[in-house]
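# Tertiary structure, described
Each chain is listed here by its residues.
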Number of protein chains: 2
Amino acid sequence: MFEAPYLLFLGDAPDGLAAKMAQGIHDWRPEASVGQFRMEGCKADLGIANLSIKEAAAAGAKTLVIGVVNRGGIISQSWKSVLIEALEAGMDIASGLHNLLRNEPDLVEAAAKHGRSLFDVRIPTVQYPIANGKKRTGKRCLAVGTDCSVGKMYTALAMHREMQERGMKATFRATGQTGIMIEGNGVPLDAVVADFMAGAVEWLTPDNEAEHWDLIEGQGSLFHASYSGVTMALVHGGQPDALVLCHEPTRPHMRGLPDYKQPSLEDLRDVALRLAQVVNPACKVVGVSVNTQHLPEAEAFKYLEEVEAAMGIPAIDPFRQGAGRLVEALACI
Amino acid sequence: MFEAPYLLFLGDAPDGLAAKMAQGIHDWRPEASVGQFRMEGCKADLGIANLSIKEAAAAGAKTLVIGVVNRGGIISQSWKSVLIEALEAGMDIASGLHNLLRNEPDLVEAAAKHGRSLFDVRIPTVQYPIANGKKRTGKRCLAVGTDCSVGKMYTALAMHREMQERGMKATFRATGQTGIMIEGNGVPLDAVVADFMAGAVEWLTPDNEAEHWDLIEGQGSLFHASYSGVTMALVHGGQPDALVLCHEPTRPHMRGLPDYKQPSLEDLRDVALRLAQVVNPACKVVGVSVNTQHLPEAEAFKYLEEVEAAMGIPAIDPFRQGAGRLVEALACI
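Residues numbered from 1 in each chain as written. Chains lettered and ligands numbered in written order. Predicted model: local features only at pLDDT ≥ 70, side-chain atom pairs only at ≥ 80, totals over all residues. Heavy atoms only, no water.

## Comments concerning the overall build of chain A
Cut-off, in case you're wondering: Under the DSSP-based scheme used, a helix requires at least four consecutive residues in state H or I and a strand at least two consecutive residues in state E, with every element numbered from the N terminus. The quantity called the radius of gyration is restricted to C-alpha atoms. Its globule counterpart is 2.2 Å times the number of residues to the power 0.38. Whether a residue is buried, partly exposed or exposed follows from its accessible area with a 1.4 Å probe, protein chains only, as a fraction of its type maximum: under 20%, in between, or over 50%, in that order.
A tally of regular secondary structure across chain A gives twelve helices and eleven strands. A globule of 333 residues ought to have a C-alpha radius of gyration of about 20 Å, and chain A, at 20 Å, matches this closely. For chain A, the spread of C-alpha atoms along the three principal axes comes to 60 × 45 × 45 Å. The buried share among the 333 residues of chain A stands at 58%.

## Overview of the relation of the copies chain B and chain A
Short version of the rule: Each copy is superposed on the other by least squares, with the fit set by C-alpha atoms of residues at a pLDDT of at least 70 in both. Pairs of residues are marked as contacts when any of their non-hydrogen atoms sit within 4.5 Å.
Mapping chain B onto chain A calls for a rotation angle of 180° and an axial translation of 0.0 Å; the resulting RMSD is 0.1 Å. Interpreted geometrically, this transformation is the action of a two-fold axis. Most of the interface of chain B is mirrored in chain A, where 100% of its interface residues are also at the interface.

## Details of the interface of chain B and chain A
Selection criterion: Simply put, the buried area is the total loss of 1.4 Å probe accessible area from both parts when two parts are fitted together. Here, a salt bridge means any side-chain nitrogen of Lys or Arg that lies within 4 Å of a carboxyl oxygen of Asp or Glu. Any N or O atom pair separated by 3.5 Å or less is treated as a polar contact, with the protein-specific requirement of one donor-capable and one acceptor-capable atom, and with residues adjacent in sequence counted only for side-chain atom pairs.
Taken together, the contact between chain B and chain A spans 36 residues of the former and 36 residues of the latter. Where chain B abuts chain A, roughly 2,800 Å² becomes buried across the two surfaces, and 59% of that area is made up of carbon and sulfur atoms. At the boundary of chain B and chain A, one finds two salt bridges. As a salt-bridge pair, Arg 274 of chain A and Asp 267 of chain B come within 3.3 Å of each other at their nearest N and O atoms. Between chain B and chain A we count twelve residue pairs in polar contact (both at pLDDT 80 or more) in total.

## Points about the confidence of the model for chain A
Detailed conclusions should not be drawn from predicted coordinates in areas where pLDDT is low. Here is the rule: Within a predicted model, pLDDT stands for the predictor's per-residue confidence, ranging from 0 to 100.
Of all residues in chain A, 99% have pLDDT values of 70 or greater, and the mean over the chain is 96. Here the predicted complex carries an ipTM of 0.92, next to a pTM of 0.94.

## Focus on the pattern of salt bridges
Residues and elements named next belong to chain A. Per the counting criterion, the structure on display carries 40 salt bridges over all chains. Here Asp 106 ties to Lys 80 by a salt bridge, and the two come within 3.1 Å at their closest N and O atoms. In this pair, Asp 106 sits in helix 4 (residues 105-114) while Lys 80 sits in helix 3 (residues 80-88), placing the two residues 26 residues apart along the sequence. The class of Asp 106 is partly exposed, set by a relative accessible area of 28%.

## Comments concerning the sheet that holds strand 3 (residues 63-66) of chain B
Two pairing modes exist for strands in a sheet, parallel and antiparallel, and in both the strands are linked by backbone hydrogen bonds. Residue and element names in this part refer to chain B. Selection rule: Paired strands, as defined in this entry, are two strands with at least two bridges between them according to DSSP. Whenever a helix is involved, its axis is fitted only over the stretch in contact; in every case the axis is a line through C-alpha atoms, and angles between N-to-C directions fall within 0 to 180 degrees.
Spatial ordering of the open sheet is given by 2-1-3-4-5, a layout of five strands whose pairing is parallel. Looking at strand neighbours, the two that pair on one side only are strand 2 (33-38) and strand 5 (118-120), the edges of this open sheet. Ignoring which end each strand starts from, the neighbouring axes of this sheet average 20° apart. Relative to strand 2, strand 1 (residues 6-11) is paired through five bridges, and the arrangement is parallel. Its bridge partner being in strand 2, Tyr 6 is matched across the sheet by Ser 33.

## Focus on helix 3 (residues 80-88) of chain B
Residue and element names in this part refer to chain B. Put simply, the test is: What the arc covers is the set of directions going from the helix axis to the C-beta atoms.
Of all the positions in helix 3, only Lys 80, Val 82, Leu 83, Ala 86 and Leu 87 are classed as buried. Projected onto a plane normal to the axis of helix 3, the buried residues spread over an arc of 165° and lie on a single side. The positive-phi residue at the C-terminal boundary of helix 3 is Gly 90, with phi of around 100°.

## Thoughts on the domain arrangement of chain A
All names here are of chain A. To be explicit about the condition: For the domains described, the bounds stem from an automatic or database domain assignment. For this classification, the nonpolar set comprises Ala, Val, Leu, Ile, Met, Phe, Trp, Tyr, Cys and Pro, the charged set comprises Asp, Glu, Lys and Arg, and every other residue, Gly included, is treated as polar.
When the domains of chain A are assigned, the result is domain 1 (6-120) and domain 2 (139-332). Between domain 1 and domain 2, the residue contacts involve 13 residues of the former and ten residues of the latter. When the buried area of domain 1 at its contact with domain 2 is split by residue, Met 21, Trp 28 and Arg 29 rank highest and sum to 64% of it. Connecting domain 1 to domain 2 are zero salt bridges. One can count three residue pairs in polar contact (both at pLDDT 80 or more) joining domain 1 with domain 2. Examining the composition of the side of domain 1 that touches domain 2, we find that five residues originate from one element, helix 1 (residues 20-28), more than from any other. Split by residue class, the side of domain 1 that touches domain 2 holds eight nonpolar, three polar and two charged.

## A closer look at the layout of surface pockets
All names here are of chain A. So the rule is basically this: Cavities and pockets were defined on a 1 Å grid built over protein atoms only: a cavity is a set of grid points that admits a 1.4 Å probe from which the probe cannot escape, a pocket is an open set flanked by protein on both sides within 12 Å along at least five of seven lines, and lining residues are those with an atom within 4 Å of any such point. Grid points are joined across faces, edges and corners, and a volume is the space filled by probe spheres set on the points.
Its volume calculated, the second largest pocket comes out at about 240 Å³. In terms of lining, the second largest pocket is formed by 18 residues, of which the most central are Met 1, Thr 125, Val 126, Asn 185 and Gly 186. Mapped by element, the contributors of at least two residues to the lining of the second largest pocket are strand 5 (118-120) and helix 7 (197-204). Broken down by element, the residue count for the lining of the second largest pocket peaks at three residues, all from strand 5. Partitioned by chemical class, the residues of the lining of the second largest pocket number twelve nonpolar, three polar and three charged.

## Re unusual backbone geometry
What you tend to see is this: most non-glycine residues have negative phi, and most peptide bonds are trans. Residue and element names in this part refer to chain A. The omega torsion of the bond from Ala 4 to Pro 5 falls at -5°, within 30 degrees of zero and hence cis. Structurally, Pro 5 is set in the segment before strand 1 (6-11). With a phi close to 55°, Ser 149 is a non-glycine residue in the positive phi region. Positionally, Ser 149 belongs in the loop between strand 6 (139-145) and helix 5 (152-165).

## With respect to the packing of helix 7 of chain A against helix 8 (residues 228-238) of chain A
How two helices pack is summed up by the angle between their axes together with the distance between the axes. Residue and element names in this part refer to chain A. Rules: The scheme is simple: roughly parallel for angles under 35 degrees, roughly antiparallel for over 145, roughly perpendicular for 65 to 115, oblique for anything else. Note on convention: the crossing is left-handed when the near helix lies turned anticlockwise from the far helix by less than a right angle, right-handed when the turn is clockwise.
In contact at an axis separation of 8 Å, helix 7 and helix 8 are set at 45° when each is read in the N-to-C sense. In this view, helix 7 runs oblique relative to helix 8, as classed from their interaxial angle. As helix 7 packs across helix 8, the resulting crossing turns out to be right-handed. Taking contact as the criterion, the partners of Met 197, Ala 198, Val 201 and Glu 202 in helix 7 are, on helix 8, Gly 229, Val 230, Ala 233, Leu 234, Gly 237 and Gly 238. A per-class count over the contact of helix 7 with helix 8 returns six nonpolar, three polar and one charged.

## Considerations on the sheet that holds strand 6 (residues 139-145) of chain B
Residues and elements named next belong to chain B. Pairing is parallel across the open sheet formed by six strands, whose spatial order is 7-8-6-9-10-11. If you trace the sheet from one side to the other, it starts and ends with strand 7 (170-173) and strand 11 (315-316), each paired once. By the bridge criterion, six bridges tie strand 9 (residues 242-247) to strand 10 (residues 284-290) in an arrangement that is parallel. Each bridged residue has a counterpart across the sheet, and for Leu 245 the counterpart in strand 10 is Val 288.

Quick look at the structure:
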């Protein structure tokens, strides 16, 4: 995969949200980037050094990471001169956008001319095996959600950071574009061919030391009509020992599906556990991770207390409270 | 898709099983084929007219269908002269093999020269949408299994034939290679990219007349660690009104997974229904279809009686008894 340190390219981002990927990399691997590159009119700002291509190269940047999404998720023509300058300056380029670097003839030509590489993290580069379901050594924790985009990646990353700080053996296993950008490797699961999904997850989470934990980034939801098959492959390919339930309590309906309500946390617990126990009868639901960003603090804490009382397992918001109690809950495995 | 009538190509099949796909087409659409082509040493025989390429063309064959699998599922070099002769004689070629007709330069050249087409049914040719989960008109029945290869396709085809004979409005919806070969169209679901699986199933089973039934071919099993994600996409994309549970009662373990036992029919019923009700709260399990080919007749009927008593829904072997009772069970929807 691509090499750090990075120059984070924010392009002409119309707002901070458009640079969500760069923000994620900066939040979770602040040491990985030498600075940011902002074009004229860029409205996003990570608060790190603004570098020109020349300055970034001099600072040792190995890869320009496209950390911005424009409308349609495509590679903007207006970015091209900057990207080509980066290739000329000896950097590789990494992108998670829908249209591919490799399909842009001017970038391909410049990369070839300067002996640089173009990384499209949205596209699998490995021929994954068919899953074999064999019991693997080491331990695995999977984040599952009542819906898409409820904080599954955030939860896994927060638990991983906490475990590292405690000196535990742990690896974050990325299964989506942003996670792959943060970790530098992973499986772009939504782009894998159906027959190989569970095998890709087995490949991503191989045998390990008995006390080592994989923190597996979840995708979709078992209750989301569009993406539940991807989630199912994570549950069966991931062979989790522990499940963490992720939830966002203020959604009026499932993301992108106006006709569907979110399931309750109890429903998610029962369905996810039943399915996980097909491959690992010892699997347990160890905690609940709630994204309370849309609740005032007092209401958020009240909600978490209620969930904890009703479910009988720790219920926390890792953003407000850290992931310590979720990590401690893993001790029951 | 490709056009009937077909010439069924059995090649140098070492036994009848190798020609399973040709057998399936002959069993379910006997009127679709003008005859079979057998090479020297072919040990499979469908009991229909043996035709040369010239004779088949004269009989009106529009497509030579490769109905045989050799070791490794590839296109044998020894077949080439026959396949090229068929293209010269004005036939298209259809194949469900792993390696693709389109990757064989001699076939591509001959097809271009004679203005013929090469159909690789294993590869999707449609850009499927992301599933939207919207309620569709018409009715849908999905076959789900305790394991892979327990008779889901057979059950859907047998129900479809029975419904046609009764003058009911019904369509068989193919989701695998053999089903697509039989029906002439469908979705090769195991080859679809993860994000689009459920959308492909929605695309395959669109709005229809209120009393029309889609009989959807199942794939994999919710309890099969390798393929459960594909099954999940069928359950949520298919939006079934009715589920038929399929089972083969003599398996020592899950197909290809020596460490896994098959679930009970009760487990399959509970899990599949819970998941189907996410997209269709009115969904019901209407019957059980058992493949009893490895049981003596008396034992088979005793087993079916026991299942029916335990589950409280019709339990039949469509091969031994026909699918009439399953079709009648749909009346409860």
